[in-house]
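# Close look at the chain arrangement
Residue strings, one per chain:
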Amino acid sequence: MALVEAEGVHVRFGDRVVLEEINLSVNEGELHGIMGPNGAGKTTFFNTLTGRVKPNRGRIRLDGADVAGLEPHAIARKGVARSFQIMTLFNDFTAQENVMVALPAFRARGFDMLRAVAGDSGLADEANEVLASVGLGAKSAISAKLLSYGERRALEIAVALAQRPRVLCLDEPTSGLGTDGTLRLAELIRSLKGKLTIVAVEHDMRFLFSLADRISVIHWGQVVARGTPRELQENPWVKRSNLGSFE
Amino acid sequence: MTGTASDARLITPTMLGAWLVLATVPLWISTIGLYPYIGVEILIWSIYALAFNLLLGTSGLPSFGHGAFFGIGAYAFGLTQFNVAANLWVALAGAMLAGALAGLLVGLFIAHRRGIYFALLTIAFGQIFWTISVKWHSVTGGEDGLLNIVRLPVNLGIASFDITDNERLYYFVLAAFAVVVVLMWRLVNSPYGRILSAIRQSEVRTAHLGYNVWAYKLSAIVISAAFSGLAGGLFAMAQRSAFPDVMNLAQSGLVVMMTLVGGGLVSFWGPVIGVIVFLIARDVIGAMTTGWMLYFGTMFVLLVLFRPEGIAGGFKLLVERWKARGTAPEALSSEPRSG
Ligand SMILES: Nc1ncnc2c1ncn2[C@@H]1O[C@H](COP(=O)(O)OP(=O)(O)OP(=O)(O)O)[C@@H](O)[C@H]1O
Ligand SMILES: [Mg+2]
């Protein structure tokens, strides 16, 4: 059964239509890739899925329940986490603190004003575990703004993972990474496969085609092609497009 | 803002040191040409600035009309002692409650805003409250102010202390300051305080982590307004009166200036440092020239231009340099990439 289902999602800003009609479904445990040219509306689709943007029309169902138009925090609480194309970290926090505030255990005491965070080893341990899983185990005490670009990209994902999401939305996770970093990220994502549902917007074709179970191509505000990587390689639209090459 | 051992403490060595020094102030303040009352003012404004900085420094919410909450607390202190009960605790509770309610009212209109829109709305609300305080003569006394406010005795059940004398008042206000410092320190280092700080750094990300940003901002406004109200109540008691002028735009600007000059953006103690520097400068430079605000204003501009992290920030930097002396400056540049 589909865990995430977008049906006729239409988004416009003023009279500029960005999403004409998106129909897309993601099965539980699937890694679903989204590709499309610059400005196709991929990020806007994520924004709609996670509550940042309210769709003008259409439904977004999460596990059968309509979530379109809910606030971002409400959708996040239903188990949807996201990373950002433009890195959105807490720069004055350490890597550990970035991850810590994302933990459900932390969220559960968000209005606790009486206990100190420092010295709570339970939270710290849990945060360090998440950091270790993305290869930042040794960087826990370093301020996010002092991390290297690649480390910041990894932290961006760690914060989303710390939410223990059912659905993880990754917006161009490899953006700006070198070959090395991309390979490591692919490894990380492969290790997550099956454990949670992942929707990944990605420009790197080789990356996407090697990892995704299914891929949707968004163009002109619609899903113009969809299928498994194998099916899509034969798709004339994908062949014709200059989205990049893969062997 | 990394988690350190002192973040977890209820009372830190810095606090103890500060209280100790402050406790000796009445013993020597006259010998340096100042007077005990300036100590009272410093402590009251420090409470006010700490409360204000919960919004500006911790949550990143620029409130330029905070004088409203201070002023409302001042009036509420007087009105409570006249009309409810001539009891210090009741009157102070009244001041806090009035501040909190005003904060709630304003917060409902502005908690979904940020940045310049937030700032402009706080100015507008500040002006509204100021106008009300001037016009509502039957309650506030208008321009004449609310007079004959009494310094009520400190009733501790077993004993009661008179604080009509400035020196005694100073010690009472010092106790209030100590309590507020402990509460605020705990607050900013609690999970709640961390979320406020997260909101300052990225409201968007915080929301996508599942936090109702609006509710956090609203509650922070209420808490900040309540403690500003408390400061206002103490001020009314110290002055034995309440006037509209503490609510005007210029006065609201003072607390912003003090907090920034002191370094509230980077340090918990920044607002307190700013208050001390400002009030002493007012009295010392003010005694020499009537244009003292010109000098202070110039200093403010220079600081914001060249040292936006304020006095506390500059001090922090010096300490870091001092600690780092001798260690090779390499660590930052040559980190391996990972991802
Ligand atoms: N809040 C907004 N207001 C107005 N226009 C917007 C807004 N958000 C996005 N757009 C426009 O919608 C279009 C799609 O943007 P979007 O960021 O979703 O594209 P994208 O597919 O993610 O592109 P990229 O590959 O560059 O990341 C762009 O033309 C953009 O300018
Ligand atoms: Mg995008």
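It should be noted that the structure appears before, not after, this text.
It should be emphasised that the depicted structure is a prediction, and the values quoted were computed from it without experimental measurement.

Check the secondary structure of chain A and you find 10 helices and 10 strands. Relative to the compact-globule value of 18 Å for 247 residues, chain A shows a C-alpha radius of gyration of 18 Å, a close match. Within the span of chain A, comprising 247 residues, buried residues form 58% of the whole. Counted over contacts in chain A with a minimum sequence separation of 6, partners at least 24 positions apart contribute 66%. Counting only carbon and sulfur atoms, one obtains 49% of the accessible surface of chain A, whose full area is about 10400 Å². Across chain A, 30 positive and 29 negative side-chain charges occur, with their mean positions spaced 2 Å apart.

The subject of this paragraph is the overall build of chain B. Secondary structure summary: chain B contains 15 helices and two strands in total. Here the C-alpha radius of gyration of chain B, 21 Å, is about what a compact globule of 339 residues would show, namely 20 Å. Structurally, chain B occupies a C-alpha span of about 70 × 50 × 50 Å along its principal axes. Taken across its 339 residues, chain B has 54% of its residues classed as buried. Excluding contacts between residues fewer than 6 apart, the proportion of contacts in chain B whose partners are at least 24 apart in sequence is 77%. Surface summary for chain B: the accessible area is close to 14700 Å², and the carbon and sulfur share equals 70%. Taking the 19 positively charged and 14 negatively charged side chains of chain B as two groups, their mean positions are separated by 10 Å.

Residues and elements named next belong to chain A. Looking at ligand 1, there are 14 residues lining it, with Arg16, Lys42, Thr43, Thr44 and Gln85 nearest. Measuring from an oxygen atom of ligand 1, one finds a side-chain N or O atom of Asn38 at 3.1 Å. Compared with its free state, where it exposes 630 Å², ligand 1 has 63% of that area covered by protein. No other element matches the three residues that helix 1 (residues 42-49) contributes to the shell around ligand 1.

A negative phi holds for most residues other than glycine; trans holds for most peptide bonds. Residue and element names in this part refer to chain A. The backbone phi angle of Arg164 is positive, close to 50 degrees, even though this residue is not glycine. Within the element layout of this structure, Arg164 appears in the loop between helix 6 (149-162) and strand 7 (167-171). Here the phi dihedral of Trp220 falls at roughly 50 degrees; this positive angle occurs in a residue that is not glycine. With relative accessibility at 60%, the residue Trp220 sits in the exposed group.

This part is about the packing of helix 5 (residues 121-133) of chain A against helix 6 of chain A. Residues and elements named next belong to chain A. The contact between helix 5 and helix 6 brings their axes to 9 Å, and the two run at 130 degrees. Looking at the two axes, helix 5 sits oblique to helix 6. Note on packing geometry: the crossing formed by helix 5 with helix 6 is right-handed. Across the interface between the two elements, Val130, Leu131 and Ser133 of helix 5 pack against Leu155, Ala158, Leu161 and Ala162 of helix 6. A breakdown of the residues in the contact of helix 5 with helix 6 according to their chemical character gives six nonpolar, one polar and no charged.

Residues and elements named next belong to chain A. Distances from the magnesium ion (ligand 2) to its protein donors, namely Thr43 (OG1) and Gln85 (OE1), fall within the range 1.9 to 2.1 Å. Pair noted here: Thr43 is in helix 1 and Gln85 is in the loop between strand 6 (80-82) and helix 3 (95-100), with a separation of 42 residues, a long-range link. Here Thr43 falls in the partly exposed class, since its relative accessible area comes to 26%.

Right, let's talk about helix 5 of chain A for a bit. Residue and element names in this part refer to chain A. Here helix 5 spans 18 Å end to end across 13 residues, near enough to the 18 Å set by a 1.5 Å rise per residue. Every buried residue of helix 5 is listed here: Leu123, Ala124, Ala127, Val130 and Leu131. Considered in projection along helix 5, the buried side chains sweep an arc of 125 degrees and stay on one side of the axis. The inward-facing, buried residues of helix 5 abut helix 3, helix 4 (104-108) and helix 6.

Our focus in this paragraph is the nonpolar core. Grouped together as the largest cluster of nonpolar side chains are 160 residues, with contacts concentrated most on Leu155 of chain A together with Phe177 of chain B. For this core, the element with the highest residue contribution is helix 3 (residues 36-59) of chain B, accounting for 16 residues. Looking at this core, you find at least three residues from each of domain 1 (1-79 + 165-247) and domain 2 (93-164) of chain A. Apart from the residues within four sequence positions on either side, Phe177 of chain B is in contact with Trp19, Leu22, Leu43, Ser46, Ile47, Leu50, Trp269 and Val272 of chain B. Counting residues in hydrophobic clusters, the runner-up holds 27 residues, among them Val53, Leu62, Val67 and Ile75 of chain A.

The next thing to look at is the packing of aromatic side chains. Residue and element names in this part refer to chain B. Going through the model one piece at a time under the given rule, you end up with 15 aromatic pairs over all chains. Aromatic pair Phe70 and Phe235: ring centres 5.3 Å apart, planes at 50 degrees, arrangement tilted. Here Phe235 lies in helix 11 (residues 213-239) and Phe70 lies in helix 4 (residues 67-83), a separation of 165 residues in the sequence. The same class applies to Phe70 and to Phe235, which are both buried. Taking the centre distance of 5.8 Å and the plane angle of 80 degrees together, the rings of Tyr211 and Tyr216 count as edge-to-face.

Each value, and the rule that gives it
Residues numbered from 1 in each chain as written. Chains lettered and ligands numbered in written order. Predicted model: local features only at pLDDT ≥ 70, side-chain atom pairs only at ≥ 80, totals over all residues. Heavy atoms only, no water. Helix = DSSP H or I, 4+ residues; strand = E, 2+ residues; numbered from the N terminus. Rg over C-alpha atoms; globule rule 2.2 N^0.38 Å. Buried < 20%, exposed > 50% of the residue type's maximum accessible area, 1.4 Å probe, protein only. Contact = heavy atoms within 4.5 Å. Areas by Shrake-Rupley, 256 points an atom, 1.4 Å probe, with all protein chains shown as cover. Lys, Arg positive; Asp, Glu negative; His and termini not counted. Charge placed at Lys NZ, Arg CZ, Asp CG, Glu CD. Near = heavy atom within 4 Å. Polar contact = N/O pair within 3.5 Å; in protein donor to acceptor, adjacent residues only side chain to side chain. Axes fitted to C-alpha atoms, helices over the stretch in contact; angles between N-to-C directions. Parallel < 35°, antiparallel > 145°, perpendicular 65-115°, else oblique. Left-handed = near helix turned anticlockwise from the far one by under 90°. Nonpolar A, V, L, I, M, F, W, Y, C, P; charged D, E, K, R; others polar. Donors = N, O, S within 2.8 Å, 3.2 Å for Na, K, Ca; no water. Expected span 1.5 Å × (residues − 1). Arc of directions from axis to C-beta. Core = buried A, V, L, I, M, F, W, Y, C linked by side-chain atoms within 4.5 Å. Domains from an automatic or database assignment. Phe/Tyr/Trp six-rings, centres within 6.5 Å; stacked < 30°, edge-to-face > 60°.

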